[in-house]
Amino acid sequence: MTPKSPPREPFSDWRSGSTVRRLLQAIAAEVGAINRPLRIMEVCGTHTMTLHRSGLKPLLKEAGVVMISGPGCPVCITPDFYHEAIIDLVTSRDNLVITTFGDMTRVPTRKGALQTTVPAPGSEIRIVYSPEEALQLARKNPEREVIFFGAGFETTIPAIAYTVKKAAQEQLKNFSLLAALWLIPPALEAILQSGDVAIDGFIYPGHVSVIVGEQAYRFVAENYRIPGAIAGFEPADVLLGILSVARQVKENRPTVANEYRRVVSAEGNPRALALMAEMLEPFEAEWRGLGRIKNSGLKLRSQWQDYDAVARFQMTFQPATGRDSGCRCGQVLKGLVEPMDCPLFGRACDPEHPRGPCMVSYEGACLIEYKYSSGARKK
Amino acid sequence: MKQVSLEMGSGGRLMQEFIRERLLPVFKNRYLDELHDSAFLPPGMAFTTDSYTVDPIFFPGGDIGSLSVNGTINDLVVSGARPEFMSLALIIEEGLEMATLDRILLSIKKTAARNKVTIVTGDTKVVPRGQADKIYINTAGVGRLVGRPHPEKIKPGDRIMVTGPVGEHGLAIMLTRNDFRMSSRVRSDCAPLLFLLPLWKKGALWMRDITRGGLATVLSELADRVRYPLLVEEEKIPLSRSLKGAVEILGIDPLYLACEGRALLVVREAEAQKVLSFLKKQPGARQAAIIGQVQDRIGRQGEALLQTPGGGLRLLEPLTSELLPRIC
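I will try to describe carefully the structure that is included in this document. Quick caveat: nothing in here was measured; it's all calculated off a predicted structure. (Residues numbered from 1 in each chain as written. Chains lettered and ligands numbered in written order. Predicted model: local features only at pLDDT ≥ 70, side-chain atom pairs only at ≥ 80, totals over all residues.)

### Comments concerning the overall build of chain A
Using the following cut-off: By the criteria applied, helices consist of DSSP H or I runs no shorter than four residues and strands consist of E runs no shorter than two, each listed in order from the N terminus. Values of the radius of gyration come from C-alpha atoms, whereas the globule rule sets the reference at 2.2 Å times the count of residues to the power 0.38. Here the C-beta atoms are placed from the backbone, and a residue counts as buried if at least 20 other C-beta atoms lie within 10 Å of its own, exposed if 12 or fewer do, and partly exposed otherwise. By the convention adopted here, residues are in contact when the distance between their C-beta atoms, placed from the backbone, does not exceed 7 Å.
A count of helical and extended segments in chain A gives 16 helices and eleven strands. Rg of the C-alpha trace for chain A: 21 Å, near the compact-globule value of 21 Å for 379 residues, within the 12% margin. Here the C-alpha coordinates of chain A stretch approximately 65 × 55 × 45 Å along the principal axes. A total of 379 residues make up chain A; the buried ones form 53% of that total. Put simply, of all contacts in chain A between residues at least 6 apart along the chain, 77% involve residues at least 24 apart.

### Structural notes on the overall build of chain B
The helix and strand inventory of chain B stands at seven helices and 14 strands. Over its C-alpha trace chain B gives a radius of gyration of 19 Å, about what one expects of a compact globule, namely 20 Å for 328 residues. The principal-axis extent of the C-alpha atoms belonging to chain B is close to 60 × 55 × 45 Å. Evaluated residue by residue, chain B yields a buried proportion of 46% over its 328 residues. Taking contacts inside chain B between residues at least 6 apart in sequence as the whole, the part at least 24 apart equals 84%.

### Observations concerning the sheet that holds strand β14 (residues 313-315) of chain B
All names here are of chain B. The line we're drawing: For two strands to pair, DSSP has to find at least two bridges joining them. Think of each axis as a best-fit line through the C-alpha atoms, taken over the contacting stretch in the case of a helix, with angles from 0 to 180 degrees between the N-to-C directions.
Strand order in the open sheet made by the seven strands is β9-β11-β8-β12-β10-β13-β14, with mixed pairing throughout. Looking at which strands have only one partner, the edges of the open sheet turn out to be β9 (204-209) and β14. Strand-to-strand twist across the sheet, computed as the mean angle between neighbouring axes with direction ignored, equals 25°. Here strand β10 (residues 230-233) runs beside strand β13 (residues 304-307); their pairing, made up of four bridges, is parallel. The partner of Val232 across the bridge, within β13, is Leu306.

### Comments concerning helix α7 (residues 131-140) of chain A
All names here are of chain A. For the record, the criterion: Each direction from the helix axis to a C-beta atom contributes to the arc, which is the arc of those directions.
Along α7, the positions that sit buried rather than exposed are Pro131, Ala134, Leu135 and Ala138. Around the axis of α7, the buried residues are gathered within 100° of arc, so they sit on the same side. Looking at the buried residues of α7, the elements they touch are β3 (96-100), β5 (145-152), α8 (157-169) and β6 (175-182).

### Concerning the pairing of strand β10 (residues 280-287) of chain A
Residues and elements named next belong to chain A. Inspection of the sheet shows β10 paired to strand β11 (residues 291-300) by seven bridges, in the antiparallel sense. Counterpart to Ala285 in the pairing with β11 is Ile293. If you look at the hairpin formed by β10 and β11, you'll find three residues sitting between the two strands, and Gly289 has a positive phi there, around 85°.

### Remarks on unusual backbone geometry
What is expected of a backbone is that most residues other than glycine have negative phi and most peptide bonds are trans. In this structure, Pro43 of chain B follows Pro42 of chain B across a cis peptide bond, with omega equal to -5°. Structurally, Pro43 of chain B can be placed in the loop between β1 (39-41) and β2 (45-52). Of note, the phi angle at Gln171 of chain A is positive, near 55°, even though the residue is not glycine. Relative to the assigned elements, Gln171 of chain A resides in the loop between α8 and β6. Positive phi outside glycine occurs at Gln314 of chain A, with the angle close to 45°. Tracing the chain through its elements places Gln314 of chain A in the loop between α14 (309-312) and α15 (329-334).

Note that all results are geometric; they support no functional claim without further evidence.
As structure tokens, then:
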């Protein structure tokens, strides 16, 4: 049978103007019934991007919903001392290939950014698009040490963990991982416990949820009585999530709604979770802005120590003390201030001259705000 | 900044800064200061130059040879000139296969002949292995003016058009260069824009070929030159189906992807429909579209705005750094 209608554009249903307008009206009606504006945190930087790119933020404000950006940008929450340690290493040792994702190379630290670092002779810094690419470099260059400086949440952690497993299986002796791996649920708990930000609900990150499932956020609804919804990344996806949160607030029935059922299941991805548990163990990690959070970071288990760059190269971390560049990235990540509230934003700090990682990463709240809304007006 | 960074050549705002702050002050003169794609020289001539370092040198839809000829032709056309003569300078890395060189030369010859441009002077340098990557090409071109851009005459109601789907060259290069292990039908849009020349007498006030930095950067630079804000509608910007799929997966904004055979036009309101039907008859512009108009109600001077399908507005900023796919 031949299809009667022409093939549809990818995602067209999730972007159409009429769908978006209908959802906005429905949200406005729910918020109207609650009779006060709602403050909802979108945890994930990619959601922040959707809201800005599709021009939804002001439209939501009209509908009575204030969106607050959360900590969901791995580049942003990785503290400077990781970068500084890897900069120390690559400038002092030869024959190293440091591989990392593009945004990571531009984060400014006390020791400069990886991008402008001049490596020791024979060493280099390479941007890769996937952890697998780093592994491939190790296979092709057996005489050189390849380190993957991997930052990520649950979305990318399984793929990163898998490279170590593969390296062990293939008995690759020249591959190691500098893990900057972060878990979302403990960060949400830290935000709730601090009580600094008033939040009526969460939009949970869609991609992270593919791995962790709905169950990972139950404690938010059950222990803190805060509504939430897992959402995808198209404009209609995010609006569906917001509509669900508004309904939960109105009915006073907090839960973990799944508005991204086309890819997220209740239990997540058991194989990915098993792989993570096999390779990695949680520890009390330090986040930029949020500080130390129990069980919020993952590091390689001791039996994989040979593949842990920290152990292999005796890397040392020097957390910053008393450094104050004026950058308010930390507070932005917590939802305490908006990018515009930072005195550096658009003046001393812009995408060409970033002063903090939130202005570097494509999921950083400051870069997104600058690019899509207010940057030009500040100039 | 003590060293030149890659971003200074990416076509974005850093490059603009670099040109304005480093180059213009040194070479200042009335021809250069116009900062158009070509210089306007007496009597009635336009003169342009460009260098090509594309990697890979062969890509779906073109090669460094056809690119270097088309690029120069297009710079002249959007300046209002009919290209006539070109120079060709080759910088070749020692060890390049002769057969590869021949393929490139043939491609240059064919592209020039098809567009009635004569290559009248040239130069060849060979550098030791590793000191260049296979081959770089520099071209210059001169053409006779048939019209002139008039950004100062642009007024509210004038229509903003593109000559076809945007972003395909940038994506084709990206997919060929990076090992995404994605198969795609996306081909470079590399092509000459000669068919635009008659429009200089039919209501075109301004043209620019959409190259590095993509449609968003071209619009935002135009906004800087015009007294009124510009508004384009996202839904009206033509994008090919295969490009849409690929940019979704890679997390790339197609409005920042380069083209090599597309132009942005501003056309007088009264002539817009006629120009559109003319364009749609050209093989290189069958999917031309009116994507927006010059404003007097929405926005402020200097702003290029995009209206999203849901009715939201966002600012189009010039490209700031090299495109990177998302990491999570």
